[in-house]
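Residue-level structural notes
The residues making up each chain are set out below.
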Amino acid sequence: MTVLTAGRKALDRLLQLILLALMLAITLIVVYSVIMRTSGNAPSWYDEIAAIILCWVTYFGAAYAALKRGHIGFEGLINVMPPPLRIAAVFLGEILVIAFFVLLGWMGMRVLRVLEGDGLVSLPWVPLQLTHSIIPVGATLFILAQLLSLPEYLAQARAGVLGKKDAGEETKEKLE
Amino acid sequence: MIILLLLAILIVLTAINVPIAVGLGIVAVGAILVTQGAQMLPNLALVMYEGATNFPLLAIPLFIFAGAIMNASSISRRLIALCLAAVGFIRGALAIVTVGVNMFYAEISGSAVADVAATGSILIPAMKKRGYPKAFAAAVCSSAATLAIIIPPSIPMIIYGAMANASIVQLFVAGIVPGVAGGFALMAMAYWLARRNGWPVEEFFSWQKLGRAFLDAFWALFLPLIILGSIFGGFVTATEGAGVAVVAAFLIGAFVYRDIQWRELAKAAIEGASHTAVVMLLVASSALVGVYLTEQKVPQQMAEGILSLTSNKYLVLAILNVFFLLLGLFLHSAAAIILVVPVVMPLVTAVGIDPVHFGLIVTINLGIGQQTPPVASVLMVACSIAKANVWEVTKVNLKFIYVLLAVLLIVTYVPEIPMSLVHFFYR
């Protein structure tokens, strides 16, 4: 196993575990609050915490989707470009995506510095630095996922089979 | 002028397969730099955080999760057996069962892609085995899955409600009549095609068999009652109803039927989280562009532009319908709602269209968009299960798409049909 596949597997596994835990947490919090409300004791922190977990699902999940190249886009045009143009287009796209997340992560860090000492409205002991840390963390994970999945994406682009089902096998066939 | 430039950049980015969510972010960075300067860039991180912290949208992962639990247990198999026992004696029974099962399933799941994956993976092979052409099998499964987002609960309606500030529960109620009527219309089309092509009947009708299938599926039929009952009864919000759906599906799968496949379930929960993230990233980055568009008063300007041409409500509805149908060819439904709804809402309210009525129109319209290639998420799933060519399936599917278009036209121009229930219960 190459370092690349090992890295991809490790990140895949890590993100899967995090996402599973977050999904369970969301479900339990919503159900717990509905039950508590029927007895007149709705927890005050419920909406705030649930929405924050959704935000965490968004950025951990976005990195996971990036690893699988599952974000909504339009592959059709790249597939029909002449091969040299395809590679150029892929590289330009990748550079722009990574640049965006570098900027997002960097700005996220600057925001964290400003938030020092602040806490949530409903649970003041939970620092905003913790909740907002998802932006730089998520951006870093997204970049990592994008880089780790780049070689396969590039191979598929080269073969002109981006976004097609069983693209992996088709790429192999075309490359052979 | 700057708007057109930004739009052009977004189109170029999309053409080189930059994810639309990231493309929007890049465009927004450009807009911030040009209009406000680099000192405002930290807003990027703040808005991307706030945009994803959207409480009503919690319903998305929860409804996906509930659907996943159903798929990981025998609930869908039982529903199919029940439908087959009820209509198996009719010509083209399997095709009619496909529509019927989707009508049941739609009351638990809110995603057409999840529906077609769940029902298609059982019914498409079954139809192929009984001699139906594979293009037809894929087409009927694909179109029937559209019911999932018209009949409540519905993920596109939840997204629309959040984007347009419309009542999600009222949207759900508005979907009931068109969804059920559309289901029967699709069944009629399937029956007509079956008669013409001589497709088989499945089994003789027997009350005993129907009774047994009913008992077997009793708890599965109970699920919609729990979910929709708690939402429409006002005990929980639509978002919380999604949490109730997860628990109810889990309890029935794990303790009544006792056949949940845990590994499948964990996998499905992760997939659900990933699908949610794809939509939510788009919501977050469109919030970024939204800040800029609102500052520049773009939605208002667009509304004024169209109003200077016509203020006729029906003409505006026709323009919007054509626009959304074209958009549906190239955009996923969630993306279309997130990008376009906030921009057209001022126009919609200015000509006096009820936001709930419009939400239903958008939902049906984009349901059709999921059937029309090149970008057609639901159709693609059906085709890959059937191993059929997308364009061949589309040729057959056109007949079902006409049915859906007829539903869209009726809903658009006879608002009383979907809205009477809303008025009766809520206004």
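Report on the accompanying structure. (Residues numbered from 1 in each chain as written. Chains lettered and ligands numbered in written order. Predicted model: local features only at pLDDT ≥ 70, side-chain atom pairs only at ≥ 80, totals over all residues. Heavy atoms only, no water.)

Considering the overall build of chain A
When helices and strands are counted, chain A shows seven helices and zero strands. The linear arrangement of helices and strands in chain A, starting from the amino end, is α-α-α-α-α-α-α. Taking 176 residues into account, the globule formula puts the C-alpha radius of gyration at 16 Å, and chain A, at 20 Å, lies well above it. Based on the C-alpha atoms only, the size of chain A along its principal axes is roughly 65 × 35 × 35 Å. (Helix = DSSP H or I, 4+ residues; strand = E, 2+ residues; numbered from the N terminus. Rg over C-alpha atoms; globule rule 2.2 N^0.38 Å.)

Topic: the interface of chain B and chain A
In this complex, chain B contributes 53 residues to the contact, which on the side of chain A involves 54 residues. Buried area between chain B and chain A, summed over both chains or domains, comes out near 4,700 Å², and the portion from carbon and sulfur atoms is 81%. When the area that chain B buries against chain A is broken down by residue, the three leading residues are N17(B), Y49(B) and I270(B), summing to 14%. Taken together, chain B and chain A are joined by one salt bridge. Where chain B touches chain A, the interface holds seven residue pairs in polar contact (both at pLDDT 80 or more). Mapped onto the side of chain B that touches chain A, the elements with two or more residues apiece are α1 (2–15), α2 (20–35), α3 (42–52), α4 (59–71), α14 (238–256) and α15 (262–295) of chain B. Here the element with the most residues in the side of chain B that touches chain A is α15(B); it accounts for 14 residues. Looking at the side of chain B that touches chain A residue by residue, the class counts come to 39 nonpolar, 11 polar and three charged. (Contact = heavy atoms within 4.5 Å. Buried area = accessible area lost by both parts, 1.4 Å probe. Salt bridge = Lys/Arg side-chain N within 4 Å of Asp/Glu carboxyl O. Polar contact = N/O pair within 3.5 Å; in protein donor to acceptor, adjacent residues only side chain to side chain. Nonpolar A, V, L, I, M, F, W, Y, C, P; charged D, E, K, R; others polar.)

So, the side chain of T119(B)
The topology assignment puts T119(B) in helix α7 (residues 112–129). Those residues in contact with T119(B) that sit more than four places away from it in its chain are V101(B), N102(B) and Y105(B).

Regarding a nonpolar patch on the surface
All names here are of chain B. Judged by side-chain polarity, F214, L215, F218, W219, F222, L225, L251, F255 and V256 come together as a nonpolar surface patch covering roughly 870 Å² of accessible area. Only α12 (207–216), α13 (218–232) and α14 provide two or more residues apiece to the nonpolar patch. When residues of the nonpolar patch are assigned to their parent elements, the largest contribution, four residues, is made by α13. Assignment of secondary structure puts F255 in helix α14. (Patch = residues over 30% accessible without salt bridge, like charges linked within 9 Å, V, L, I, M, F, W, Y side chains within 5 Å. Areas by Shrake-Rupley, 256 points an atom, 1.4 Å probe, with all protein chains shown as cover.)

A short note on the pattern of salt bridges
Scanning all chains against the criterion turns up 10 salt bridges over all chains. One salt bridge connects E152(A) with R8(A), and the closest N-O pair in it is separated by 3.1 Å. Residue E152(A) is found in helix α6 (residues 134–159), and its partner R8(A) is found in helix α1 (residues 3–38); the two are separated by 144 residues along the sequence. By relative accessible area, which is 25% here, R8(A) ends up partly exposed. Across the salt bridge formed by K209(B) and E203(B), the nearest N and O atoms sit 3.5 Å from each other. Through salt bridges with shared partners, one network takes in R78(B), D216(B) and D259(B). (Buried < 20%, exposed > 50% of the residue type's maximum accessible area, 1.4 Å probe, protein only.)

Things to note about the layout of surface pockets
A probe as big as a water molecule, rolled over the atoms, marks out the empty space that is left. Residues and elements named next belong to chain B. In this structure, the second largest pocket spans a volume of roughly 1,400 Å³. As for the second largest pocket, its lining consists of 44 residues, of which L7, L10, L339, V340 and V343 are closest to the centre. Mapped by element, the contributors of at least two residues to the lining of the second largest pocket are α1, α2, α10 (155–164), α15, α16 (298–309), α17 (313–330) and α18 (333–350). In the lining of the second largest pocket, the residues fall into 34 nonpolar, 10 polar and no charged. (1 Å grid on protein atoms, 1.4 Å probe; cavity = no way out; pocket = protein on both sides within 12 Å on 5 of 7 lines; lining within 4 Å. Points joined across faces, edges and corners; volume = space filled by probe spheres on them.)

Quick notes on the packing of aromatic side chains
To describe a pair of aromatic rings, you give the distance between the ring centres and the angle between the ring planes. Residue and element names in this part refer to chain A. Taken as a whole and assessed by the stated rule, the structure comprises 23 aromatic pairs over all chains. Measuring from ring centre to ring centre gives 6.3 Å for Y32 and W45, while their planes differ by 10°; the resulting arrangement is stacked. Note that Y32 is positioned in helix α1 and W45 in the loop between α1 and α2 (46–67), a separation of 13 residues in sequence. Given a relative accessible area of 40%, Y32 falls into the partly exposed group. (Phe/Tyr/Trp six-rings, centres within 6.5 Å; stacked < 30°, edge-to-face > 60°.)

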